[in-house]
Amino acid sequence: VHLVESGGGLVQPGGSLRLSCAASGFTFSSVAMSWYRQAPGKEREWVAGINRVGTVTNYAASVQGRFTISRDNAKNTVYLQMNSLKPEDTAAYYCKASWGDEYWGQGTQVTVPS
């Protein structure tokens, strides 16, 4: 199982970024996917989740209405569109695949300066 996040960077408050997570080594279309984030000194927290076919999504209250999770099963990729970014969104962002066991990517850093 291999998960590779990309798309992070430095963005001004109010800006947007789109994160990608490219998956391999498993049947991507059979697995629900999630995004998490971890800010310095804080525990990793769940951000958003999407079901296997992309018809059901869920979000943490802190990102509801600003972030959108989606997936392209033909490309084995899950995305996180982040709009109206705030300094408190600064964190390393990770995608996760789970079907009993859990698999994580290496993370991509998002920085929104105050």
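What comes next is a walk through the structure.

Quick notes on the rules
- Residues numbered from 1 in each chain as written.
- Predicted model: local features only at pLDDT ≥ 70, side-chain atom pairs only at ≥ 80, totals over all residues.
- Heavy atoms only, no water.
- Helix = DSSP H or I, 4+ residues; strand = E, 2+ residues; numbered from the N terminus.
- Buried < 20%, exposed > 50% of the residue type's maximum accessible area, 1.4 Å probe, protein only.
- Core = buried A, V, L, I, M, F, W, Y, C linked by side-chain atoms within 4.5 Å.
- Contact = heavy atoms within 4.5 Å.
- Pairing = 2+ DSSP bridges.
- Axes fitted to C-alpha atoms, helices over the stretch in contact; angles between N-to-C directions.

We now examine unusual backbone geometry. Here the phi dihedral of Asn 76 falls at roughly 50°; this positive angle occurs in a residue that is not glycine. Here Asn 76 shows up in the loop between strand S7 (67-72) and strand S8 (77-82). Taking the relative accessible area as the measure of exposure, Asn 76 reaches 27% and is therefore partly exposed.

We now examine the nonpolar core. Met 33, Trp 35, Val 78, Leu 80, Met 82 and Tyr 93 are the most contacted members of the largest nonpolar core, which totals 30 residues. When residues of this core are traced back to their parent elements, those giving at least two are strand S3 (17-24), strand S4 (33-38), strand S5 (45-50), S7, S8 and strand S9 (91-99). Discounting chain neighbours no more than four positions away, the residues touching Leu 80 are Leu 17, Arg 18, Leu 19, Trp 35, Val 47, Ala 48, Phe 67, Thr 68, Ile 69 and Tyr 93.

Moving on, we come to the sheet that holds strand S1 (residues 2-6). The strand order S1-S3-S8-S7 describes an open sheet built from four strands, whose pairing is antiparallel. The open sheet has two free edges, formed respectively by S1 and S7, since each of these has just one partner strand. With direction set aside, neighbouring strand axes in the sheet form an average angle of 15°. Where S7 meets S8, six bridges bridge the pair, whose relative direction is antiparallel. Across the sheet, residue Arg 71 finds its bridge partner in S8, namely Val 78.

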